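Residues per chain are reported as follows:
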Amino acid sequence: MRTIRDRKLTGTTDSSVQEYETRHRKTARCAAAEGMVLLKNEHHLLPLKAGAAIALYGAGATKTVKGGTGSGDVNSRETVSVWQGLKAAGFSIQTEDWLEDFDAQYEQARLNWRQQIWEKADSSEKGLFGFFDAYSTTPLLTPSGKMPVKTAADTAIYVLARNAGEGADRFEAPGDYYLSDGEKEIVKAICSLYPHVIFVLNVGGLVDLSFLDDYPEIESVLYMHQPGMEAGNALADIVSGKVTPSGKLTDSWPERYADYPNAKTFSHNNGDVTKEYYSDGIYVGYRYFDTFEVPVRYSFGFGLSYTDFAMKTIGIEQFGFGTEKAETEVKVQVTNTGSCCSGREVVQVYSCAPQEGQEKEYRRLVGFAKTAELKPGEMQEVLVRFPVSALASFEEAKSAWTLEKGVYGLFVGNSLESSVPELTVTVQDPVTIAETKHICPLKEDLQELHAPGRRLQERRAEWLAEAAEKPGLDIHSFDILPEKAGSGNGYDTIPDDVKAFTDTLSEEQLIGLATGEISRGQGSNLGSAGISVPGSAAETGNCAKENGLAEIVLADGPAGLRLNRSYDVVDGIIQQLPFDAAIEGGFLNRAVRKDEGIRYYQYCTAYPVGTLLAQTWDPETVKAVGREVAEELRKFGVTLWLAPGMNIHRNPLCGRNFEYYSEDPVMAGTMAAAMTAGVQEMGGVGTTIKHFACNNQEDNRMGCDSIVSERALREIYLRGFEIAVRTAQPMAIMTSYNKINGVHAANCFDTCTEAARNEWGFRGVIMTDWTTTTNSTDDVPCTAAGCMRAGNDLVMPGAESDHTNIREELASGKLDIAELRRSIGHLVNIVWQSERYTNE
């Protein structure tokens, strides 16, 4: 018997640090250090000796960026700065006067920034959306600080800081992708004053590093990224040698921004943000650089350590052949050959497919595994297992995933660049892995890049000559049982008891449940519309509570739970705060908060952002973070976490890249699956993987049309979602604002139903992003009824206009009530699994 739990006020009236905060901060600190990437370390400058004197400079030294802006922010109790972390670790900071002076400059700059936002918002006619537009498109102009002077230290650390976020893309300009003039002058001065310089990148995405070539004094470069609230402590762990760096890049770091195939056309770069032509096709990130032999500064998968490792490939085995679950396992011995310290290494396996038939990238990641902490001289046998389907390509002509006949080389190493051919998989005859239906057809011409086929065959010939001597295995067509896509509209997968329940609901109840709860003005508060849990994103409808259906709360992430730090209760009633109180820790809120009633505190942990977590290359670390997020979800009465974000890093200027994992879909899918597994391990709460799909730019995100071939869509932009669904079955998926080949993603039956449900077996609820149906900028609107037809079950946060639209289309017959009932069935199925019930 299901009994709805009574809701209680969330948080505590005690403002002191709670036990869970201390425990969770330890995990955040460990995960942050685990994901930082050491890019350069000449003369073994790092780690520094205990108590060493340091000249510390840069915006990120004192105003360390924990994570990006917008819905990806977390209103944590505090952020430990690099200055605080290094000082707490015992280092002697010689530049505290410089840091204090910078603080004063920064605070004034921040006040000016706030005033700019207020003035822009006041001049807008878009109300709350005008405020958010002003916030997301007005960058904080960070000061560079005064010119440095020589101190007693021989070693200087410069911390470059950058931030970005929801609603706007970055710029290939000074102060963003490039150093500002002020930063250039400071770096030049530091290198003239100090013989040893450590450059720390406290940035949420790639930046230009060509200036490194001009300064030999910069001996070490550490990609700190945006590490969450324990930022400074985690960096100090690396700098001191308490932790040996083991992070690896999940993106290629180019020599120049212009080296990207879409550099001139991405987002606002060509002056047109209404259409984004995915002319790069499948050649995204390293798939482009590696295939077209474009040199990069740092390879995909690259990262240094304080120790050295040796890898020896042992062999290859097969599992599950003759079924739909055929897998391959690679065995590699990894030995710590260093003499000074312990460390961890990552075994990376890449496939190199035949090029005689359909063109393909030269290499792609198919699997990876990270060692335990190995002491000097210690060895571990690492097993990297991956599905045979990871080798397959999508053939549009056949509408199928296939393996071409020929030899597939398996390259093994600790980065793409270092990987060498060690094993082979020989496909003896063409193999069909899975048969599908066509989805998302192009509606206009798209000219895609084509690989240099002859050159790729020459490169393959270099190692194929020795392939016969490599360990390998054979695959025949009879070894693989082809998977066939299901059909229907998602109704058949709904449990019978859920179907029986939804049959009892009236038409008005079904309409009410098709959106978030609108009776309390949720839609007026954008991404902080929740009522029961202040600062949460929204709640589902409560119109069937008398029937035994609870409402559930949804909250943003993805680097932790985004709630209000505190709220007041007067006479038992929660005092709602405006949206601007829910971002930047309330800094942008103009209202004077009255000190009345009882104050409750909701301190949530700010974990490292998505890219940094992926840079651990360790799903177990990500799972550990997920388990703790789940604990906070239950603690604060939230059922669905609107995370993880897992769109592809197609271009480094995307404003939300920090939220997302990688340029590679296998990495993105594996990490999203690990996060989902951790969050959902104990039941009752779940993840919402997003933004589905092709949400690879922020400018005009509500009106942009992603024009992409079916092959690129499937191999690059849907693949990660597919891995996450098949591996971990998240409770929810959130669609994106953009269109895919002319169809709004939220109204797209092909992705929501054909791909997610019929092909991948998704059993959860699909929802829109916030205000998708009420804030669309397109001539052909995205509608709530269109969502129901597509199999997009829940329109968030909901508005009366959504209900009106559904009623009208039910009355006209354009929307079948069976489609509406099916969508509500998907929602009910998830609500019944939530922490809102006690099972007696």
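Since we're looking at a predicted model, the values are computed, not measured.

Right, let's get into the sheet that holds strand β32 (residues 739-740). Two orientations exist for strands paired in a sheet by backbone hydrogen bonds: parallel and antiparallel. Across the sheet, 4 strands lie side by side as β9-β30-β32-β33; this open sheet has mixed pairing. Sheet topology places β9 (275-277) and β33 (743-744) at the edges, where each strand pairs with a single neighbour. Where β9 meets strand β30 (residues 705-707), 3 bridges bridge the pair, whose relative direction is parallel. Its bridge partner being in β30, E276 is matched across the sheet by S706.

Among the 7 residues that make up strand β29 (residues 686-692), 7 are buried, leaving the element largely enclosed by the rest of the structure. In this sheet, β29 lies alongside strand β28 (residues 640-642) in parallel orientation, the contact comprising 2 bridges. Bridging across to β29, L640 finds its partner in G686. Regarding topology, helix α14 (residues 665-680) serves as the crossover connection from β28 to the parallel β29, and that connection is right-handed. Of the strand pairs in this sheet, β29 and strand β31 (residues 732-735) are connected by 3 bridges, and their pairing is parallel. Paired with T688 across the two strands is A732, which belongs to β31.

This paragraph deals with the packing of helix α1 (residues 19-35) against helix α7 (residues 231-240). Contact geometry of α1 with α7 gives a least axis separation of 8 Å together with a crossing angle of 50 degrees. Overall, the two elements α1 and α7 adopt an arrangement that is oblique. Our pair here, α1 against α7, has a crossing hand that is right-handed. Here R29, A32 and A33 of α1 lie close against α7, whose contacting residues are N233, A234, D237 and I238. Its residues placed into classes, the contact of α1 with α7 shows 4 nonpolar, 1 polar and 2 charged.

So, about the nonpolar core. Core analysis: the largest hydrophobic core is formed by 165 residues, its most contacted members being L39, L56, L86, L201, I218 and W253. Here this core takes 8 residues from α14, the largest share from any one element. Listed in part, the 45 residues of the second largest apolar core include L505, L513, L554 and M731.

Right, let's talk about the packing of aromatic side chains for a bit. Any two aromatic rings considered together are summarised by their centre-to-centre distance and by the angle between their planes. Under the definition given, this model contains 33 aromatic pairs. Relative to F292, the ring of Y283 has its centre 5.4 Å away and its plane inclined at 90 degrees; by these criteria the two rings are edge-to-face. Given the relative accessible area of 2%, Y283 is considered buried. The exposure class assigned to F292 is partly exposed, which follows from its relative accessible area of 22%. Ring plane angle 10 degrees and centroid distance 5.4 Å describe the contact between Y567 and Y600, whose orientation is recorded as stacked. Taken together, the positions of Y567 in strand β25 (residues 566-570) and Y600 in strand β27 (residues 598-601) put the pair 33 residues apart, joining distant regions of the chain. As far as burial versus exposure is concerned, Y567 and Y600 are alike and both buried. Taken together, the aromatic side chains of Y177, Y178, Y257, Y260, Y283, Y288, F289 and F292 make up a single cluster linked through ring pairs. Here the basic side chain of R110 rests over the ring of F587, its NZ or CZ set 3.9 Å away from the ring centre.

A sheet is described by the order of its strands in space; here 4 strands give the open sequence β16-β17-β20-β22, paired in mixed fashion. Edge positions in the sheet fall to β16 (393-395) and β22 (483-484), since each has one partner strand and no second. The pairing of β16 with strand β17 (residues 400-403) spans 3 bridges and is classified as antiparallel. Residue pairing in the sheet places S393 in a bridge with T402 of β17.

Quick look at the side chain of T424 now. Locating T424 in the fold gives a position in strand β19 (residues 420-427). The class of T424 is buried, set by a relative accessible area of 7%.

Here helix α6 (residues 181-193) spans 19 Å end to end across 13 residues, near enough to the 18 Å set by a 1.5 Å rise per residue. Of the residues making up α6, those classed as buried are E183, I186, V187, A189, I190 and C191. Buried residues belonging to α6 abut β3 (53-57), α4 (96-123), β5 (155-161), β6 (196-202) and β7 (218-223).

Time to look at the packing of α4 against helix α5 (residues 128-137). Put simply, α4 and α5 touch, their axes get as near as 8 Å, and they point 145 degrees apart. Crossing of α4 against α5: the hand is right-handed. Across from W113, I117, K120 and A121 in α4, the residues of α5 making contact are G130, F131, A134, Y135 and T137. Per-class residue counts for the contact of α4 with α5 are 6 nonpolar, 2 polar and 1 charged.

A643 connects to P644 through a cis peptide bond whose omega is 5 degrees. Secondary-structure assignment places P644 in the loop between β28 and α14. For the bond running from K690 to H691, omega is -5 degrees, close enough to zero to count as cis. Within the secondary structure, H691 sits in strand β29. A positive phi angle is found at H44, which is not glycine, with a value near 50 degrees. With respect to the element layout, H44 can be found in the loop between β2 (37-41) and β3. For H44, a relative accessible area of 67% gives the class exposed. Located in the positive-phi region is H225, a residue other than glycine, with phi close to 60 degrees. Within the secondary structure layout, H225 lies in the loop between β7 and α7. The class of H225 is buried, set by a relative accessible area of 0%.

This brings us to the pairing of strand β24 (residues 553-556). As a general feature of sheets, a regular strand has side chains that alternate between the two faces. A two-sided burial pattern is seen for β24, the buried positions comprising V553 and A555 on one face and L554 and D556 on the other. Sheet topology places strand β23 (residues 538-539) next to β24; 2 bridges connect them, and they run antiparallel. When the bridges of β24 are listed, A538 appears paired with L554. Pairing of β24 with β28, which is carried by 3 bridges, proceeds in the parallel orientation. Paired with L554 across the bridge in β28 is L640.

Another aspect to go through is α7. Within α7, 9 of the 10 residues are buried, leaving the element largely enclosed by the surrounding structure. Within α7, the full set of buried residues consists of A231, G232, N233, A234, L235, A236, D237, I238 and V239. Buried residues along α7 sit in contact with α1, α3 (82-88), β6 and β7. Once α7 ends, the next one or two residues include G241, with phi positive near 85 degrees.

Rules behind the numbers
- Residues numbered from 1 in each chain as written.
- Predicted model: local features only at pLDDT ≥ 70, side-chain atom pairs only at ≥ 80, totals over all residues.
- Heavy atoms only, no water.
- Pairing = 2+ DSSP bridges.
- Helix = DSSP H or I, 4+ residues; strand = E, 2+ residues; numbered from the N terminus.
- Buried < 20%, exposed > 50% of the residue type's maximum accessible area, 1.4 Å probe, protein only.
- Right-handed = clockwise from strand over helix to strand, strands pointing away.
- Axes fitted to C-alpha atoms, helices over the stretch in contact; angles between N-to-C directions.
- Parallel < 35°, antiparallel > 145°, perpendicular 65-115°, else oblique.
- Left-handed = near helix turned anticlockwise from the far one by under 90°.
- Contact = heavy atoms within 4.5 Å.
- Nonpolar A, V, L, I, M, F, W, Y, C, P; charged D, E, K, R; others polar.
- Core = buried A, V, L, I, M, F, W, Y, C linked by side-chain atoms within 4.5 Å.
- Phe/Tyr/Trp six-rings, centres within 6.5 Å; stacked < 30°, edge-to-face > 60°.
- Lys NZ or Arg CZ within 6 Å of the ring centre and 35° of its normal.
- Expected span 1.5 Å × (residues − 1).

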